[in-house]
Amino acid sequence: QYWVQHIGGMWAYSSDQLPIYATHGLRVASDLAPRAGRRLLGAIIASLVISYAVAGASTLLCYYSYNNTLDKSHTAPINTEITGNGNPVWSMTHTLSVDKNGIAAAKQPHPPTKFLRGFLLAIGTFFATAVLAFLNLRFTWWPLHPIGMLMVHSYAMRRIWFSIFAGWLVKVVVVRFGGAGLFNRARPFFIGIILGEVVAVGLFTALAVVLHALGHQYEIPKFLPLTQF
């Protein structure tokens, strides 16, 4: 049950975030270093494989070694999304519902109208995304990007929509008052902000490990939203 939820959760999060983030990062890196594209793609794939393996093993080690987190909060149980009120509650509720109502209730055929609505929705979404992509590539003044159609219902969009809006607003102001020249000159600065945040979180994480080894209290650095629940 743990591995079903753990691997399934990683796949669910990755499927609506990772391809978009990875391809966007690959595009930015390719603009800065055109010859590094294939090597960078290989590095991304290798980092994903290694990180999933290390994260899975270390997570199990923590679950079976400690009954609460070691930071100042002393949260118990560890990772409530997997072991507390997240996926386990959903799984138990679904299991009890099937046991009470029978598996046949969950497999009742859908009416043709529901299938038709879903089919029309998929076709409409495809054409809407295609139209947005065409307008975005054809007209520089077009404000809507097709990625919005892909990300609108994702876990990430519900958590970081304000950050995306703030970045868009800064971009509009830079282009409006400085043009394409200022935009190109400002790109290294904003990419540096992103890299600076990553480096800062890494350093604070290393500091937490050192503080724990010395017997001092520490706080967990928060980089992204911790849970969807």
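Here, the structure is the one placed above.
Residues numbered from 1 in each chain as written. Predicted model: local features only at pLDDT ≥ 70, side-chain atom pairs only at ≥ 80, totals over all residues. Heavy atoms only, no water.

Undergrad: Let's hear about the overall build of the protein chain: which residues, and what values?
TA: Regarding its fold elements, the protein chain presents 8 helices and 0 strands. Starting at the N terminus, the α and β elements of the protein chain follow one another as α-α-α-α-α-α-α-α. Within the protein chain, the proportion of its 229 residues that are buried is 16%. Sequence separation of at least 24 residues holds for 52% of the intrachain contacts in the protein chain that already meet a minimum separation of 6. For the protein chain, the exposed surface amounts to about 17500 Å²; the carbon and sulfur share of it is 72%. (Helix = DSSP H or I, 4+ residues; strand = E, 2+ residues; numbered from the N terminus. Buried < 20%, exposed > 50% of the residue type's maximum accessible area, 1.4 Å probe, protein only. Contact = heavy atoms within 4.5 Å. Areas by Shrake-Rupley, 256 points an atom, 1.4 Å probe, with all protein chains shown as cover.)

Undergrad: Just give me the short version of the pattern of salt bridges, but keep the residues and values in it.
TA: Under the definition given, this model contains 1 salt bridge. When the shortest N-O distance is used, the salt bridge between K72 and E219 registers 3.8 Å. Here E219 lies in the segment after α8 (155-213) and K72 lies in the loop between α2 (37-65) and α3 (80-83), a separation of 147 residues in the sequence. (Salt bridge = Lys/Arg side-chain N within 4 Å of Asp/Glu carboxyl O.)

Undergrad: So what about unusual backbone geometry? Which residues, and what values?
TA: It is generally the case that most residues other than glycine have a negative phi and that most peptide bonds are trans. The backbone phi angle of H74 is positive, close to 50°, even though this residue is not glycine. Within the element layout of this structure, H74 appears in the loop between α2 and α3.

Undergrad: Lay out a nonpolar patch on the surface with the relevant residues and their values.
TA: A cluster of nonpolar side chains, W161, F162, F165, W168, L169, V172, V173 and F177, forms an exposed patch at the surface whose accessible area comes to about 860 Å². For F165, the position within the fold is in helix α8. Residue F165 is classed as partly exposed on the basis of its relative accessible area of 40%. (Patch = residues over 30% accessible without salt bridge, like charges linked within 9 Å, V, L, I, M, F, W, Y side chains within 5 Å.)

Undergrad: Describe in detail the packing of aromatic side chains, supporting the description with residues and values.
TA: The way to describe two aromatic rings as a pair is by their centre distance and the angle between their planes. Taken as a whole and assessed by the stated rule, the structure comprises 7 aromatic pairs. Joined through ring pairs, the aromatic side chains of W161, F162, F165 and W168 make up one cluster. Sitting over the face of the ring of F139, R138 holds its NZ or CZ atom 5.3 Å from the ring centroid. (Phe/Tyr/Trp six-rings, centres within 6.5 Å; stacked < 30°, edge-to-face > 60°. Lys NZ or Arg CZ within 6 Å of the ring centre and 35° of its normal.)

By themselves, these figures tell us nothing about what the structure is for.
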